[in-house]
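Fold and contact review
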Amino acid sequence: MILSMSEQVYTFASLVAVGFIVGFFYDFIRLVRRFINHSALACNIEDGLYWVLALLGVFYFMLNNFYGEIRFFSIMGFFIGMALYFLSISALVLGILGIIWAFSAKVIKTTIKIILYPIKVLINIIKIPLSFILFLYRKYGAKTKKVLHKSSKYAKIKSRKLRRDLSIIVKRV
């Protein structure tokens, strides 16, 4: 299919815009890498998945808007759009996204602290009597165990003697 000059300009401009958008989404990956350490293998896998998804998206865009025609100037428009994005506003966008990321992290940390504060207070309230009980157990636990063990033997002996005495009394009656 032959495209008119205006259609070619529209195709080129559209793919420059798509290149801008694809570059913007790549900045999200760069931002995550800045704040979360990745191994080289993880970076390679992320890049591979990103490019597969990006190229599938560009192909879908071209298929729906330009009848699937892939022309050299459309591919150049895509890469020119990405290059323009990275050379012009990528640093500014990364800075703004970094500020948003840091602010969001502070908000999330503060929210978690607010949510966990009553739990910490409850733990501190419970910790005092439990530590006292643990102290008493460590100090007197072994002695108490011996005393209770001996007292249970003594109670068994006494109960046997009591049963014997009761059986004797019952037999007399």
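Reference entry: report on the structure contained in this document. These figures come from a predicted structure and were not determined experimentally.

**Quick look at the pattern of salt bridges**
One pass over the full model with this rule turns up 3 salt bridges. Across the pair R33 and D47 runs a salt bridge whose closest N-O atoms are separated by 2.6 Å. Here R33 is found in helix α1 (residues 5-35), whereas its partner D47 is found in helix α2 (residues 40-66), with 14 residues between them in sequence. The network of salt bridges with common partners includes R33, E46 and D47.

**Regarding α2**
For α2, built from 27 residues, the straight-helix expectation of 39 Å at 1.5 Å per residue is met to within 8% by its first-to-last C-alpha distance of 37 Å. Every buried residue belonging to α2 is among C43, D47, Y50, A54, V58, M62 and F66, and all of these are buried. Where the residues of α2 are buried, they touch α1 and α3 (72-88). Looking one or two residues past α2, Y67 carries a phi angle of roughly 60°, positive in sign.

**With respect to the nonpolar core**
Grouped together as the largest cluster of nonpolar side chains are 12 residues: L15, V18, V22, Y26, I29, Y50, A54, V58, M62, F66, F78 and M82. Among the elements of the structure, α1, α2 and α3 are those that each provide at least two residues to this core.

**Observations concerning a nonpolar patch on the surface**
A grouping of Y117, V121, L122, I125, I126, L130, F132, I133, F135, L136 and Y140 is seen on the molecular surface, where their side chains present a nonpolar patch of about 1100 Å² in accessible area. Mapped onto the elements of the fold, I125 is located in helix α4 (residues 90-172). Residue I125 is classed as exposed on the basis of its relative accessible area of 54%.

**Describing the packing of aromatic side chains**
By the definition in use, this model includes 10 aromatic pairs. Measuring from ring centre to ring centre gives 5.4 Å for Y85 and F86, while their planes differ by 70°; the resulting arrangement is edge-to-face. You can call F86 partly exposed: its relative accessible area is 29%. Following the ring pairs from residue to residue traces out a cluster consisting of F20, Y26, Y50, W51, Y85 and F86.

**Topic: the packing of α1 against α3**
Running from N to C, α1 and α3 point in directions that differ by 45°, and their axes come no closer than 7 Å. Comparing the axis directions of α1 and α3 gives the class oblique. Handedness of the crossing formed by α1 with α3: right-handed. In terms of residue class, the contact of α1 with α3 is built from 16 nonpolar, 8 polar and 2 charged.

Criteria and thresholds
- Residues numbered from 1 in each chain as written.
- Predicted model: local features only at pLDDT ≥ 70, side-chain atom pairs only at ≥ 80, totals over all residues.
- Heavy atoms only, no water.
- Salt bridge = Lys/Arg side-chain N within 4 Å of Asp/Glu carboxyl O.
- Helix = DSSP H or I, 4+ residues; strand = E, 2+ residues; numbered from the N terminus.
- Expected span 1.5 Å × (residues − 1).
- Buried < 20%, exposed > 50% of the residue type's maximum accessible area, 1.4 Å probe, protein only.
- Contact = heavy atoms within 4.5 Å.
- Core = buried A, V, L, I, M, F, W, Y, C linked by side-chain atoms within 4.5 Å.
- Patch = residues over 30% accessible without salt bridge, like charges linked within 9 Å, V, L, I, M, F, W, Y side chains within 5 Å.
- Areas by Shrake-Rupley, 256 points an atom, 1.4 Å probe, with all protein chains shown as cover.
- Phe/Tyr/Trp six-rings, centres within 6.5 Å; stacked < 30°, edge-to-face > 60°.
- Axes fitted to C-alpha atoms, helices over the stretch in contact; angles between N-to-C directions.
- Parallel < 35°, antiparallel > 145°, perpendicular 65-115°, else oblique.
- Left-handed = near helix turned anticlockwise from the far one by under 90°.
- Nonpolar A, V, L, I, M, F, W, Y, C, P; charged D, E, K, R; others polar.

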